[in-house]
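The residues making up each chain are set out below.
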Amino acid sequence: MAEPTTTVSALRWRDGLELLDQRLLPQRERWISIGGAAAGTRAIRTLVVRGAPAIGIAGAYALAVEARRNPDLPHLRRAARRLATARPTGADLARAVGHVLVAIETAPSAERFERALAAARGLHAADAAACLAMALHGAALFPGEGVALLTHCNAGALATGGIGSALGVVRGVHAQGRLERLYACEARPVLQGARLTAWEATRDGIPVTLLPDSAAASLMASGAVAGVVLGADRVAADGSIANKVGTYALALAAARHGVPFVVVAPTTTFDLACPTGAEITIELRSADEVVRLGRRALAPEGVTVYNPAFDVTPPQLITAIVSERGVARPVNEATVREIAP
Ligand code: MRU
């Protein structure tokens, strides 16, 4: 088969870290140069870059940039701590920043930047390779012709260092000439599905249909989709996963209608030290994301808002978890451990 590819990327190194400002998509493509760890931390918090693996890689490069600016070890340790905690739910960020910090701590002062950069580049390349491996494993779960898949949020090239996790699988099926259509939920309130997944798919010639989140259950009931494929921000030891809010509702609907529900996540997203989904910290974000669209008010001033960025789906509702090391199916503690790092 033709190898799945993409024309899209979230980040690049051009004598410094540059991030595609995802807040502006799909209207504008603007690359932002990240001058150090503080700017990297801000970019992660404000969703310039988002998606668990991409956040991790961006954090790793941002720490390398900081090591060039100021190689003082206590300073870099503080910067690493702030970067690692910029967003709490995804597992990749703290792991990637920690990896670069170890490279810095074990290097002579004059070599800290080069070692940090090499470590960040290594993480970036490993994630790109993981995406390709997951595309192959995942595509095999959806045999036959005319495969229609439903996804949520954005688990694509914009969210990883390669072709994407869930969207990598979609690209894999597409490269095999078997994809009928990708259905993308819009992912209220930040609209990663509408703004990012629909843009990414359109740009790469993947047939895509956008739907409101509330239309997903009836779409599944109609029999139109062969499966749901999505990413994860953290995979707990028992196979629970945290992912974009709305994932749990999709899993319930998929179970009700007998639609395979497949989670695609590199092993950098696995956290075996986290026993179950109950221990995953769910990031609560600002009310503004729900009550405003740009400057326009969507709700009465001062209304109370509940805006968790993620939710937890238990293993019983997940048909399979795909990592670059293989497929956990059924999903339980033993099968997750087999494909974990
Ligand atoms: O808030 P976001 O946009 O960072 O949320 C992203 C998701 O929930 C993705 O589905 C997840 O990070 C997997 S990306 C490969």
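For the structure itself, look to the data block above.
Right, let's walk through the structure included here. (Residues numbered from 1 in each chain as written. Predicted model: local features only at pLDDT ≥ 70, side-chain atom pairs only at ≥ 80, totals over all residues. Heavy atoms only, no water.)

Okay, the site of the ligand next. Taken together, 18 residues form the shell around the ligand, and within it A52, R87, D233, N243 and K244 come nearest. Take N243: an N or O atom from its side chain is 2.7 Å from an oxygen atom of the ligand. A distance of 2.8 Å separates an oxygen atom of the ligand from a polar side-chain atom of K244. Considering the ligand on its own, with 420 Å² of exposed area, one finds that the protein chains cover 99% of that surface. Of all the cavities here, the one that holds the ligand is the largest cavity. Among the secondary structure elements, those contributing two or more residues to the shell around the ligand are helix 2 (52–69) and strand 9 (241–244). The class makeup of the residues in the shell around the ligand is seven nonpolar, seven polar and four charged. (Near = heavy atom within 4 Å. Polar contact = N/O pair within 3.5 Å; in protein donor to acceptor, adjacent residues only side chain to side chain. Areas by Shrake-Rupley, 256 points an atom, 1.4 Å probe, with all protein chains shown as cover. 1 Å grid on protein atoms, 1.4 Å probe; cavity = no way out; pocket = protein on both sides within 12 Å on 5 of 7 lines; lining within 4 Å. Sits in = over half its atoms within 2 Å of the grid points. Helix = DSSP H or I, 4+ residues; strand = E, 2+ residues; numbered from the N terminus. Nonpolar A, V, L, I, M, F, W, Y, C, P; charged D, E, K, R; others polar.)

What follows deals with the nonpolar core. Membership of the largest hydrophobic core comes to 42 residues, with the highest contact counts inside it found for L11, L17, L19, Y61, L63, V100 and I104. Where this core is concerned, the elements lending two or more residues are strand 1 (11–13), strand 2 (17–20), strand 3 (31–34), helix 1 (37–45), helix 2, helix 3 (73–84), helix 4 (92–105) and helix 5 (112–139). If one sorts the elements of this core by residue count, helix 2 sits on top with 11 residues. If sequence neighbours within four positions are ignored, Y61 has contacts with L11, W13, L17, L117, A120, R121 and H124. By size, the runner-up hydrophobic cluster in this structure holds 31 residues, among which are A216, V225, V235 and I321. (Core = buried A, V, L, I, M, F, W, Y, C linked by side-chain atoms within 4.5 Å. Buried < 20%, exposed > 50% of the residue type's maximum accessible area, 1.4 Å probe, protein only. Contact = heavy atoms within 4.5 Å.)

Moving on, we get to the side chain of H124. Looking at the element boundaries, H124 is found in helix 5. Side chain to side chain, H124 and Y61 meet in a polar contact 2.9 Å long. Not counting the four nearest positions on each side in its chain, H124 is found in contact with L11, I57, Y61 and G161.

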